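Per-entry structural report
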Amino acid sequence: MAGQRLALVFWIALVVGLAVGSVTRQAIWLLALLGLPLLISGRRCLWQQGLWRRWVFWWSLFAVPIVLAMPDAVDPERGMRAAIRMLSYLLMGVVIFRWPLAKSDQSRYVLWSGALLSLLLVDGMVQFIVGFNVGGEPLYQDIRYGQRITGFLGIDYGWVIAVLSPFILEAARVAGRSGWFFWVAVPLLLIAVLLSGSRASALLMLTGWAVYVALLWARLGFGPARQFMHPLLAACVLALTAVFIDPDLNQRWTDALGVFAADPARWDEALSLRPSLWSAALSVFQEHWVNGVGLRGFGEVAAADLASVDGLPDKPQGWSPHLAVLEVATNLGVIGLIAYCGFYASLVRWIALAPISTLAPGLSAALAFFPLGSTLPLFSMRVMSVAWLCLAMALVLAREQQQQDDEAAVACVG
């Protein structure tokens, strides 16, 4: 009993840590330190697990191009740090794979994860209503569009909510068979991301929800999918109403219609300077197409091309293409691009066939790695930490489900 409780606490600590960048960073390094001796002592046992081999294969599709990009890296020091960070993700996975989950109903993990992550929504709504959140953080003043909610997560709030929303949706599904929890969770999620001011995160979340409906329909039938679809439709109507009523939201989303204008200058304004970044990224990729310029080297190489663009941050080292697939192309070249496409295709196929218990972390990982993601840099600590932790959780849940199915089959034969 104590072991089951400890496993649950460990799991919940990991999930909650996903929402806090600094906590996640420290947790991964700690797990990596623990993982090194575990890997040395249990490498044979681990390698016998098919899902561990899949984990290593997926990890290598990033690690190998990163190593191949290092000889031509614009900033070798940053490239070396990135390679060490990739190694930490592998070692972190060792601990998660070696830590046995409780053999009882896995819905407990989903319920606790979704319930605790829902506190992020409460924190954001409190900040919107009273002007500051439970930690005393005030609303963020956007120079262009007015105030935005951030909770205690800062400007990453919208992206974190969007990517981790499958945990909350799955908790709502498991908690109430009638589906009424969806009527609370879905509108809150959509309104929170809208108020965060991140249009890209809102579109990313809606994309994930479309996949969520499709997976529910394919795996559980039309009934569970319909329970989610009705609240989603109501939430979209509510969101559109809010966009029309609130002046800040109205301007933000009305400006996005500039993508249909004939004037290229409108595109930059509508997409918050992303077209200029994409154009520079394509130029960098064409010049360094084999193995790229190394991780986080885009800003330095593209500095001359982007010097005339007003509104970019002062530090070119922090610039990124703001499109995941272009970030891979510029940083790792065609080698990395091929590996990334192979990885994502394999991930999507695995999620479609994996047990339903893996849906929340699996879909969250797919959203974090999404090729058209443009909110945060793909290779940033925030994105990669969430992505690899969710991926490890999904694989371990799949392993536990597979073991339970095998035990049930043996018991049935006996």
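Residues numbered from 1 in each chain as written. Predicted model: local features only at pLDDT ≥ 70, side-chain atom pairs only at ≥ 80, totals over all residues. Heavy atoms only, no water.

1. Focus on the overall build of the chain
The test is simple: Secondary structure elements are taken from DSSP: a helix is a run of H or I of four residues or more, a strand is a run of E of two residues or more, and numbering for both begins at the N terminus. Throughout, exposure labels follow a simple rule: accessible area from a 1.4 Å probe, protein chains only, divided by the maximum for the residue type, with under 20% read as buried, over 50% as exposed, and the rest as partly exposed. Any two residues whose heavy atoms approach within 4.5 Å are treated as being in contact. Only the protein chains shown count as cover for residues, and all accessible areas are computed by the Shrake-Rupley method using a 1.4 Å probe.
If you tally the helices and strands in the chain, you get 17 helices and 2 strands. Taken along its principal axes, the extent of the C-alpha atoms in the chain is 75 × 55 × 40 Å. For the chain, the proportion of its 414 residues judged to be buried stands at 54%. Within the chain, contacts between residues at least 6 apart in sequence are counted, and of these 75% link residues at least 24 apart. Carbon together with sulfur atoms contributes 67% to the accessible area of the chain, which is approximately 18,700 Å² in total.

2. As for the pattern of salt bridges
Selection rule: Each salt bridge in this description consists of a side-chain nitrogen of Lys or Arg and a carboxyl oxygen of Asp or Glu lying within 4 Å of one another.
Counted under the stated rule, the structure contains 6 salt bridges. Measuring nitrogen to oxygen at the nearest pair gives 3.2 Å for the salt bridge that ties Arg-81 to Glu-77. Linking Arg-81 with Glu-77, this pair stays in helix H4 (residues 76–98), spanning 4 residues, or about one helical turn. Among the ionic pairs, Arg-148 bridges to Asp-142, the shortest N-O distance being 3.1 Å. Pair check on accessibility: Arg-148 and Asp-142 agree, each one buried. Several salt bridges share partner residues, and in doing so they unite Asp-142, Arg-148 and Arg-252 into one network.

3. Points about the layout of surface pockets
Worth spelling out the cut-off: A 1.4 Å probe that fits but cannot get out identifies a cavity on a 1 Å grid over protein atoms alone, an open set with protein on both sides within 12 Å along at least five of seven lines counts as a pocket, and a residue lines either if it has an atom within 4 Å of a point. Grid points are joined across faces, edges and corners, and a volume is the space filled by probe spheres set on the points. When residue character is reported, Ala, Val, Leu, Ile, Met, Phe, Trp, Tyr, Cys and Pro are called nonpolar, Asp, Glu, Lys and Arg charged, and the others, Gly included, polar.
Volume-wise, the largest pocket comes out at about 1,600 Å³. Every residue lining the largest pocket is counted, 48 residues in all, and those nearest its centre are Ser-272, Arg-274, His-322, Ser-374 and Thr-375. Listing elements by their share of the lining of the largest pocket, those giving two or more residues are strand S1 (140–142), helix H8 (199–220), helix H10 (247–255), helix H11 (264–270) and helix H12 (274–287). Sort the elements by how many residues they give to the lining of the largest pocket and H8 lands first, with 6 residues. Its residues placed into classes, the lining of the largest pocket shows 23 nonpolar, 13 polar and 12 charged.

4. A look at unusual backbone geometry
Even without being a glycine, Leu-273 presents a positive backbone phi close to 70 degrees. As for its placement among the helices and strands, Leu-273 is situated in the loop between H11 and H12. Taking relative accessible area as the criterion, Leu-273 reaches 18% and is therefore assigned buried. Residue Arg-296 is not a glycine yet carries a positive backbone phi of 60 degrees. Residue placement: Arg-296 occurs in the loop between H12 and helix H13 (298–301).

5. Considerations on the nonpolar core
Soluble, globular proteins show a tendency: their nonpolar side chains are buried together. Let me state the cut-off plainly: For the purposes of this section, nonpolar cores are sets of buried Ala, Val, Leu, Ile, Met, Phe, Trp, Tyr and Cys residues that join through side-chain atoms within 4.5 Å.
Formed by 117 residues in total, the largest nonpolar core has its most connected members in Trp-55, Phe-369 and Trp-388. No other element matches helix H17 (residues 381–413), which puts 16 residues into this core. With sequence-adjacent residues up to four places away left out, Phe-369 is seen in contact with Phe-62, Tyr-340, Phe-343, Tyr-344, Leu-347, Leu-378, Met-384, Ala-387, Trp-388 and Leu-391. In this structure, Val-284, Trp-319, Leu-323 and Leu-326 belong to the second largest nonpolar core, which totals 14 residues.

6. A few points about helix H7 (residues 182–195)
Where we set the bar: Every helix has an expected span of 1.5 Å times one less than the residues it contains.
Given a rise of 1.5 Å per residue, 14 residues ought to cover 20 Å, and the 20 Å separating the end C-alpha atoms of H7 matches this to within 8%. For H7, a buried count of 11 out of 14 residues is recorded, marking the element as mostly surrounded by other parts of the structure. Structurally, H7 contributes buried residues whose contacts are with helix H5 (107–130), strand S2 (146–148), helix H6 (157–175), H8, helix H9 (222–245) and H10. Just beyond H7, the residue with positive phi is Gly-197, at close to 85 degrees.

7. What about empty space enclosed by the protein?
Scanning the entire structure with this criterion turns up 4 cavities of 30 Å³ or more. The computed volume of the largest cavity comes to approximately 80 Å³. If you go around the largest cavity, you meet 13 residues; those closest to its centre are Trp-159, Ala-368, Gly-373, Ser-374 and Leu-376. Split by residue class, the lining of the largest cavity holds 10 nonpolar, 3 polar and no charged. Roughly 50 Å³ of volume is contained in the second largest cavity.

8. Some details on the confidence of the model for the chain
The test is simple: pLDDT is a residue-level measure of predictor confidence that goes from 0 to 100.
Confidence in the prediction for the chain averages 85 pLDDT; 91% of positions are at 70 or higher. Taken element by element, the chain is modelled with least confidence in helix H1 (residues 2–17), mean pLDDT 69, and with most confidence in helix H15 (residues 324–353), mean pLDDT 96.

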